[in-house]
Protein chains: 2
Amino acid sequence: MASQGVIDLGKAGRLSHSDEQRESGKQQVIDTIRAAGSIARIDISTATRVSPATVTAITAELIDVGLIEEVVPETPRQVAKRGRPRVALKIRGEAHKIAGIKVSHRVISVVVLDFEGNNIVDHELPLQLGRMPIDKLCKMIMDALGQACSKGGFDVSSISGIGVGLAGLVDAKRNFVYWSSSLDERNVDFGAHLARHTPCPIFIDNDANLVAKAEHLFGKGRNVSDFVVITIEHGVGMGIVIDNQIYRGSRGCGAEFGHTKVQLEGALCQCGQRGCLEAYVGDYALLREANITNDGTGHRDLGQLVAAARSGDQMARSIFDRAGRMFAMGLANVVNIFDPKLIILSGARLSFDYLYSDQVIEEMRRWVVQIDAPPPEVLVHNWGDLMWAKGAAAYAIEEVSTLAIRELACSEN
Amino acid sequence: MASQGVIDLGKAGRLSHSDEQRESGKQQVIDTIRAAGSIARIDISTATRVSPATVTAITAELIDVGLIEEVVPETPRQVAKRGRPRVALKIRGEAHKIAGIKVSHRVISVVVLDFEGNNIVDHELPLQLGRMPIDKLCKMIMDALGQACSKGGFDVSSISGIGVGLAGLVDAKRNFVYWSSSLDERNVDFGAHLARHTPCPIFIDNDANLVAKAEHLFGKGRNVSDFVVITIEHGVGMGIVIDNQIYRGSRGCGAEFGHTKVQLEGALCQCGQRGCLEAYVGDYALLREANITNDGTGHRDLGQLVAAARSGDQMARSIFDRAGRMFAMGLANVVNIFDPKLIILSGARLSFDYLYSDQVIEEMRRWVVQIDAPPPEVLVHNWGDLMWAKGAAAYAIEEVSTLAIRELACSEN
DNA sequence: ATTATTTTTTTTGAATTTCAAATTAAATCA
DNA sequence: TGATTTAATTTGAAATTCAAAAAAAATAAT
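Figured I'd write up the structure that's included with this text. (Residues numbered from 1 in each chain as written. Chains lettered and ligands numbered in written order. Predicted model: local features only at pLDDT ≥ 70, side-chain atom pairs only at ≥ 80, totals over all residues. Heavy atoms only, no water.)

## Things to note about empty space enclosed by the protein
For clarity, the threshold we go by: Both cavities and pockets are sets of points on a 1 Å grid over the protein atoms alone; in a cavity a 1.4 Å probe fits but cannot get out, in a pocket the set is open with protein on both sides within 12 Å along at least five of seven lines, and lining residues sit with an atom within 4 Å of a point. Grid points are joined across faces, edges and corners, and a volume is the space filled by probe spheres set on the points.
A full pass over the atoms with the stated rule returns seven cavities of 30 Å³ or more. Size it by volume and the largest cavity reaches roughly 60 Å³.

If you want it as structure tokens, here you go:
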């Protein structure tokens, strides 16, 4: 009875109290399996504090509908113990295909993952214009997705969910874009526009939130319930995970770390305000300063500037030095406010070494409220280029998972 | 079968999955009643999405054990509608007496509330020393509580829970104090010390968190699930409520707004670091600056400084002006990170007008990420002197409520 | 080779919770 | 006085979960 198909978003209305409770067991079990990768029933029971009897019942149903499957024990057990051998369970990859799409200035990146999170195919579509009207962008996105599907040898209709990541201010709950650097218009009901092109559920969010989701599902935030992810692309982004959920704020636009003020009446930011962190650590900010303090060597791009600093250029060093200190100050503020267990500095390119350095992290630790308890762990995670798109897919996987389980509860009559 | 008595903290161990669920219905109902003040069963049903049948069952049990009671309809109904009249329910004040204690530098404030939140008695015990050893402080606290009880004409043993608020870094989960300005020692297991003096459950937390609790239960945060409270006493504090719960961070010391950095290598703070917000807006910071820029008039205390500013003194004005701008900047950062629906500027004295002014709030609004959605509402709430102690009591009320319901679930065999 | 032991998983029957539907209660309206 | 309306309660059924018992599947011991 394994299913592979489109999920009906229409059924996902408000649930009654009892429905929520009924759903929670299955959701908890599938989340545990996903977090663990593969895990035996008995361990699910201890992890979730659900009785073995119930775990058996729930997993049986999930296997029945094809969302999970038993792992065939390949290797003859290393540590041979007595007793009935445990049978591990895992997410069934073939259950769904999920697309993740990241729109950046020069390119639309697409990745299609299976339900387990394995890469099926990826694709990039170069963009002529960084900023365009909504309809045009929707078309480009669907083009990119279509090309990716052809490359993978399957039809777009076999995709169960699409996650889309945008730089900007997004209300994920409503699939609504207040503002994006990729769009001409403000206040766009992006979800509605994109829904015209495809019947499958669509999930739109700020790109930094999506990276946080990716870290949570596939990355260094696995099995961590509360952490903060900082990303740098063109701007500086932050994603906050509290109690296993992305914290989004009341209007859906929290975690605007990049526009946190680090200097009263400070440097001018892209956003038109002064003193934003981004105006000190963003690549454009560094290049701008390099031009101001131009010493005749004519630093043209960031690579050159980095090289100059490495080779001892005092001007260049000073620029990176200030950026690093401002970044440390911003990070310290986040720690003072959130007291997270873990901070993940997540990057797709290594060119931000100057911000992700031990020195900066050490400085941050010094600027944090000092108590006799271990300071937050800081991990630097360099993903490949597909980081952003994978984040979008991670978000969609989680949402599709929820929808699938909700549908299951409803279809049981 | 109405109970009035001490709750056994010992029974409150880890609960199984099913216990948690069993508990949730009652907890939800009692929380709804408390939030509403008084509310009919049918409205509880719609608010909680629990069926009327279940609400009847749950409320019957809660009435039976004396935690809630029916409100006798005094006035003949204003809006005379057809149909069976609804009978409102409310928390039964006599169910428990709860003490809230706030330790500040010069005084220990005690308030005893009934279970509904009504003030039964309050009391202040002046302190000679602001900072003392833990045993001494425990003794002073119990003295203050004892005196308050005598004043109220009841015995200390009739109190069901004690909340204690301290300035400093506290891990509420463990009743553990990393550091407090009222204590000589660092890293004190305050809960264990205080428990030697009384058998009833004790709940210790950072004072700003407690004010947030008070706003949530009794103040302007009533019926608001997510908001931020800023408090100013000697230092600057913040309490964050996310999804109806105080956000405490991984080590229990989040929301350290006062030590958020607003200036790289800035003014020296009490905490030994530089550039903390507190070092610009705290009373000591203002006085310090006034001395530096002493113009011969010899500003000696904050009142004089405020008066000087009002009467047009340029120096004094400039001091308050900078404090206000720094405060606005800090607030803007909080908004950019949390995107709260509501910010409550909570104060016990009116002397912080210069920070809670329209001008500062307007400035904050300008420094926030601009989107076409309403900015967070900002409310100024001036409580009386008992604000801090009431906050401590609010926390204890909520915890005792949880314990009482948990006990109920257990005692049902 | 057979039995004992250990551990995981499944089955079973009971307890609990919740709800929909029917019923009762308590008011006003006609 | 009876009809109507709304709130609260009762009742019986459905769903969920679990403890305890049983079964399954391995190794260890004899």
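## A short note on the pairing of strand β14 (residues 342–347) of chain A
Residues and elements named next belong to chain A. How we decide: The buried label applies to any residue whose accessible area, calculated with a 1.4 Å probe on protein chains only, is under 20% of its type's maximum; exposed applies above 50%, and partly exposed to all values in between. Strands are runs of DSSP state E lasting at least two residues, helices are runs of H or I lasting at least four, and both sets are numbered from the N terminus onward. Pairing between strands requires that DSSP locate at least two bridges from one strand to the other.
Counted residue by residue, β14 has six buried out of six residues, so it is predominantly covered. The two faces of β14 match: Leu-342, Ile-344 and Ser-346 on one face and Ile-343, Leu-345 and Gly-347 on the other face are all buried. Judged from the four bridges that link them, strand β11 (residues 227–232) and β14 form a sheet pairing that is parallel. Across the sheet, Ile-230 pairs through a bridge with Leu-345, a residue of β14.

## What to know about the relation of the copies chain B and chain A
As a reminder, the rule being used: Least squares is the method for superposing the copies, and the C-alpha atoms it fits come from residues with pLDDT of at least 70 in both. Note on definitions: a residue-residue contact is assigned when non-hydrogen atoms from the two residues lie within 4.5 Å.
Superposing chain B onto chain A requires a rotation of 180° together with a translation of 0.0 Å along the rotation axis, leaving an RMSD of 0.0 Å. What the superposition gives is, in effect, a two-fold axis relating one chain to the other. Counting the interface residues of chain B, we find that 100% of their copies in chain A are interface residues as well, pointing to one common contact surface.

## Here's the deal with the packing of aromatic side chains
Going by this rule: In this scheme Phe, Tyr and Trp rings, the latter by its six-membered ring, pair at centre separations within 6.5 Å, and the angle between planes marks the pair as stacked below 30 degrees, edge-to-face above 60, and tilted otherwise.
In this structure the tally under the stated criterion is eleven aromatic pairs over all chains. Both rings, one in A:Tyr247 and one in B:Phe338, keep their centres 5.7 Å apart while their planes meet at 80°; by these two values the pair is edge-to-face. Within this pair, whereas A:Tyr247 is found in the loop between β13 (245–246) and α7 (278–281), its partner B:Phe338 is found in helix α10 (residues 314–338), the two belonging to separate chains. Of the two residues examined, A:Tyr247 and B:Phe338, each falls in the buried class. Ring geometry for B:Phe203 against B:Tyr395: centres 5.9 Å apart, planes inclined by 65°, an arrangement best described as edge-to-face.

## Section: the nonpolar core
The following threshold applies: We define a nonpolar core as any set of buried Ala, Val, Leu, Ile, Met, Phe, Trp, Tyr and Cys residues linked to one another through side-chain atoms lying within 4.5 Å.
The biggest cluster of nonpolar side chains holds 108 residues, and the ones touching the most others in it are A:Ile230, A:Phe327, B:Ile230, B:Phe327 and B:Met364. Beyond its immediate sequence surroundings of up to four residues, A:Phe327 is in contact with A:Ile230, A:Ile232, A:Phe257, A:Leu277, A:Val281, A:Leu345, A:Leu355, A:Tyr356 and A:Val360.

## Quick look at the sheet that holds strand β13 (residues 245–246) of chain B
Residues and elements named next belong to chain B. The five strands are arranged β13-β12-β11-β14-β15 in an open sheet whose pairing can be described as mixed. Only two strands of the sheet have a single neighbouring strand rather than two, namely β13 and β15 (377–382). Sheet topology note: the strand β12 (residues 236–242)/β13 ladder contains two bridges and is antiparallel. Bridge assignment links Ile-242 to a residue of β13, and that residue is Gln-245.

## Focus: the interface of chain B and chain A
Often, the extent of an interface is quoted as the loss of accessible area on bringing the components together. What counts, and what does not: Buried area is a sum: the accessible area each of two parts loses on coming together, probed at 1.4 Å, counted once for each and added. Put simply, a salt bridge is a Lys or Arg side-chain nitrogen that is within 4 Å of an Asp or Glu carboxyl oxygen. Amino acids are sorted into nonpolar (Ala, Val, Leu, Ile, Met, Phe, Trp, Tyr, Cys and Pro), charged (Asp, Glu, Lys and Arg) and polar (every other residue, Gly among them).
Across the contact, 58 residues belong to chain B and 58 residues belong to chain A. Carbon and sulfur atoms make up 53% of the surface buried where chain B meets chain A, a total of about 5000 Å² over both sides. On inspection of chain B and its partner chain A, the count reaches six salt bridges. The shortest N-O distance in the salt bridge between A:Arg186 and B:Asp372 comes to 3.7 Å. Taken together, the elements giving at least two residues each to the side of chain B that touches chain A come down to α1 (17–36), β12 and α10 of chain B. With nine residues, α10(B) is the single largest residue contributor to the side of chain B that touches chain A. Its residues assigned to classes, the side of chain B that touches chain A comprises 27 nonpolar, 18 polar and 13 charged.

## So, helix α3 (residues 52–64) of chain B
Residues and elements named next belong to chain B. Under the convention used in this document: Here a helix's expected span is defined as the number of its residues, less one, multiplied by 1.5 Å. Read the arc as the range of directions from the helix axis to the C-beta atoms.
The first and last C-alpha atoms of α3 sit 18 Å apart over 13 residues, in line with the 18 Å expected at 1.5 Å per residue. When α3 is considered as a whole, its buried residues turn out to be Val-55, Ile-58, Thr-59 and Leu-62. Projection of α3 onto a plane perpendicular to its axis shows the buried side chains occupying an angular sector of 95°, all on one side. Among the residues trailing α3, Gly-66 stands out with phi positive, at a value near 85°.

## Thoughts on the state of the cysteines
Residue and element names in this part refer to chain B. We apply this condition: Cysteine sulfur atoms are paired as a disulfide whenever they come within 2.5 Å of each other.
On inspection of all chains with the given rule, the structure shows zero disulfides over all chains. Between Cys-269, a cysteine without a disulfide, and Cys-271, which holds the nearest cysteine sulfur, the sulfur-to-sulfur distance is 3.7 Å. Owing to a relative accessible area of 5%, Cys-269 belongs among the buried residues under this scheme. Here Cys-276 stays unpaired: no disulfide links it, and the sulfur of Cys-271, its closest cysteine neighbor, is 3.7 Å away.

## Looking at the packing of helix α10 (residues 314–338) of chain A against α10(B)
This is how it is decided: Fitted lines through C-alpha atoms serve as axes, helices being fitted only where they are in contact, and the angles separating the N-to-C directions of these axes extend from 0 to 180 degrees. Note on terminology: angles under 35 degrees are roughly parallel, angles over 145 are roughly antiparallel, angles of 65 to 115 are roughly perpendicular, and the others are oblique.
Between α10(A) and α10(B), whose axes approach to 12 Å, the crossing angle comes to 75°. Classed by the angle they form, the pair α10(A) and α10(B) counts as roughly perpendicular. Residues A:Val334, A:Ile337 and A:Phe338 of α10(A) form the contact with α10(B), whose own contacting residues are B:Val334, B:Ile337 and B:Phe338. Looking at the contact of α10(A) with α10(B), its residues break down into six nonpolar, no polar and no charged.

## Overview of the pairing of strand β14 (residues 342–347) of chain B
Pairing analysis gives six bridges linking β14(B) to β15(B), with the strands arranged parallel. Its bridge partner lying in β15(B), B:Leu345 is registered against B:Val380.

## Considering helix α11 (residues 358–366) of chain B
Residue and element names in this part refer to chain B. For α11, the complete set of buried residues consists of Val-360, Ile-361, Glu-363 and Met-364. Take α11 and look down its axis: the buried residues cluster within an arc of 160°, on one side only. Facing away from the buried side of α11, by more than 90 degrees, are the exposed residues Asp-358 and Gln-359.

Geometric values such as these leave the question of function open.
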